[in-house]
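The lines below spell out each chain.
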Amino acid sequence: MGSWAAATWRLGGCSGRGALRGAPRRRGSSRPGDGHRAASLSDLLQSSVGAEEPGAAAAAAASSRERPCPREGTVLLFPGQGSQFVGMGRGLLGYPGVRDMYRLAEKVLGYDLLSLCLEGPRDELDRTQRCQPAVFVASLAAVEKLNHQQPEVVQRCVAAAGYSVGEFAALVFAGALSFAEALYAVKVRAEAMQKASEAVPSGMLSVIGRREANYKFACLEARKHCESLGIANPVCAVSNYLFPDCRVVAGHLQALEFLQENARKYYFTRTKMLPVSGAFHTRLMEPAVEPLAEVLKSIEIQKPLVCVYSNVDGKKYMHSKHIQKLLVKQVVSPVMWEQTMHSVYERKQGTEFPYTYEVGPGKQLGAILKKCNLKAWKQYNHVDALEDEEAAET
């Protein structure tokens, strides 16, 4: 079951998927001086019905297949915010459908995403509202490259998982969301998270701890410290479970500074502030919940055609309502990536591990996989978003 063909992610999101139900007419912000505006989702779908779908070549290549043995089955991992870099996507533009994806993205977003990815400036690309759509599109473009170079990898995919915003790309790949609708949801999510980040001085702290480290106790004491400074309702909590002995703690900046200053007390061997604008995956993101919930209610969601695992609990999505609920909850819940990796690669002793492909910018998910499951990592590959030796067909 499941294939890139079955996903048939359409340019307009309508073909074979049914009409959009009550899409909100929203206007997105555009980059100063770019002369574009974001299309409302309903306008976008009406104008793009009948257009050639991006990913058509991949769809034709994966029309049917037999159930593979464990080693032949593949897993696709989709990266999240933080993996972006100026120049990403340059090695993907020659592959079928990729330029169409970026053209559609310009309509949805209201600015030239491709130019931003290729030329920067970096500060602008790194902004939450820009980098989330950028990583989403680049990841799905990388799937086109993978399908062109190794179509059997895409045909034999049995599971997918995405880190934070990468989960939207994984669901598009699996046929649960259309490309256009998912990108619109990512746009709304990213803008709302950017706004929430700017409301409170907050951030994220990467922590590597010894086995004795008690993260909950450390966060509790950091919150008490904030209260002593007069901060009401302070936030400090684990927001990402990456691999054994590594967590990301997010919250008020004063709480994170307290943890850095008292790292030895809590058995933290290394701490590092992450270059992000806010405390993602904590309740400081609550202002972003309602905008995302509204847009997800207005788009059609289907049951995934390959197993897709949720960040919220590390378990497979079961049906469309499940997806709608957990994608919203994910914004304010910790990313259970370590638990997700255990779920994806759980198997009887002696069973071979599948080949894993990280599709999109960066190799962070591969590095984490190595820490979570060394045997699974030995079958890991990365699909580069820059130029490679093999020239793409134009």
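Everything numeric in this text was worked out from a predicted model, so none of it was measured.

Trainee: Honestly, the pattern of salt bridges in this entry has me stumped. Any pointers?
Mentor: When charged atoms on two side chains of opposite charge get close, those side chains can pair. Under the criterion given, the structure shown has nine salt bridges. For Glu124, the salt bridge identified is with Arg130, shortest N-O distance 2.7 Å. As far as burial versus exposure is concerned, Glu124 and Arg130 are alike and both buried. Between Glu191 and Lys187 there is a salt bridge whose closest N-O contact spans 3.3 Å. Of this pair, Glu191 and Lys187 both sit in helix α10 (residues 179-199), four residues apart, which is roughly one turn of that helix. A residue is classified by how much of its surface remains accessible, and Glu191, at 24% relative accessible area, is partly exposed.

Trainee: What am I meant to see in the pairing of strand β2 (residues 157-162) here?
Mentor: In regular strands, side chains alternate between the two faces of the sheet. Of all six residues that make up β2, five are buried, and the element is covered over most of its length. Taken together, the three bridges between β2 and strand β7 (residues 307-309) define a ladder with parallel strand orientation. Opposite Ala160, over in β7, you have Val308 as the bridge partner.

Trainee: Can you walk me through the sheet that holds strand β6 (residues 268-273) in this structure?
Mentor: Sheet strands line up and pair through hydrogen bonds in the backbone, either parallel or antiparallel. In space, the five strands of this open sheet follow the order β6-β3-β5-β4-β8, with mixed pairing throughout. At either margin of the open sheet sits one strand with a lone partner, and together these are β6 and β8 (335-336). For strand β4 (residues 236-243) and strand β5 (residues 246-252), the ladder comprises six bridges, and the chain directions are antiparallel. Looking at β5, one finds that Val238 is bridged to Val249. Contacts from helix α11 (residues 215-228) reach β3 (202-209), β4, β5 and β6, with the element oriented near 150° to β4.

Trainee: I'm lost on the confidence of the model for the chain in this one. Help?
Mentor: Close inspection of predicted coordinates is inappropriate in any region flagged by low pLDDT. This prediction gives the chain a mean pLDDT of 85; 80% of its residues lie at or above 70. Below pLDDT 50 for its whole length, residues 44-53 participates in 20 contacts with residues either more than four positions away or in separate chains.

Trainee: I would appreciate a short explanation of the packing of helix α15 (residues 337-345) against helix α16 (residues 364-372) in the present structure.
Mentor: Two quantities define a packed helix pair, namely the angle between the axes and the distance from one axis to the other. Where α15 meets α16, the closest approach of the two axes is 10 Å, and the angle between their N-to-C directions is 70°. As judged from the angle between their axes, α15 and α16 are roughly perpendicular. On α16, the residues that touch Trp337, Glu338, Met341, His342 and Tyr345 of α15 are Leu365, Ile368, Leu369 and Cys372.

Trainee: Help me understand the side chain of Asn240 in this model?
Mentor: Within the secondary structure, Asn240 is located in strand β4. For Asn240, a relative accessible area of 3% gives the class buried. A polar atom in the side chain of Asn240 sits 2.4 Å from the side chain of Tyr163. Here Ser239 takes part through its side chain, which lies 2.7 Å from a polar atom of the side chain of Asn240. Residues in contact with Asn240, not counting those within four places in the same chain, are Tyr163, Met204, Arg247, Val248, His281 and Val335.

Trainee: Just checking my understanding: could you explain the sheet that holds β2 for this structure?
Mentor: If you trace the five strands from one edge of the open sheet to the other, you get β7-β2-β1-β9-β10, paired in parallel fashion. Edge strands, defined here as strands with exactly one partner in the open sheet, are β7 and β10 (380-383). Each strand axis lies, on average, 20° off the axis of its neighbour in the sheet, ignoring direction. Alignment of strand β1 (residues 74-78) against strand β9 (residues 355-359), held across four bridges, turns out to be parallel. Bridge pairing in β9 links Val75 to Thr356. Most of the contacts of α15 go to β1, to which it runs at about 165°, and overall it touches β1, β2, β7 and β9.

Scoring rules and cut-offs
Residues numbered from 1 in each chain as written. Predicted model: local features only at pLDDT ≥ 70, side-chain atom pairs only at ≥ 80, totals over all residues. Heavy atoms only, no water. Salt bridge = Lys/Arg side-chain N within 4 Å of Asp/Glu carboxyl O. Buried < 20%, exposed > 50% of the residue type's maximum accessible area, 1.4 Å probe, protein only. Helix = DSSP H or I, 4+ residues; strand = E, 2+ residues; numbered from the N terminus. Pairing = 2+ DSSP bridges. Contact = heavy atoms within 4.5 Å. Axes fitted to C-alpha atoms, helices over the stretch in contact; angles between N-to-C directions. pLDDT = per-residue confidence, 0-100. Parallel < 35°, antiparallel > 145°, perpendicular 65-115°, else oblique. Polar contact = N/O pair within 3.5 Å; in protein donor to acceptor, adjacent residues only side chain to side chain.

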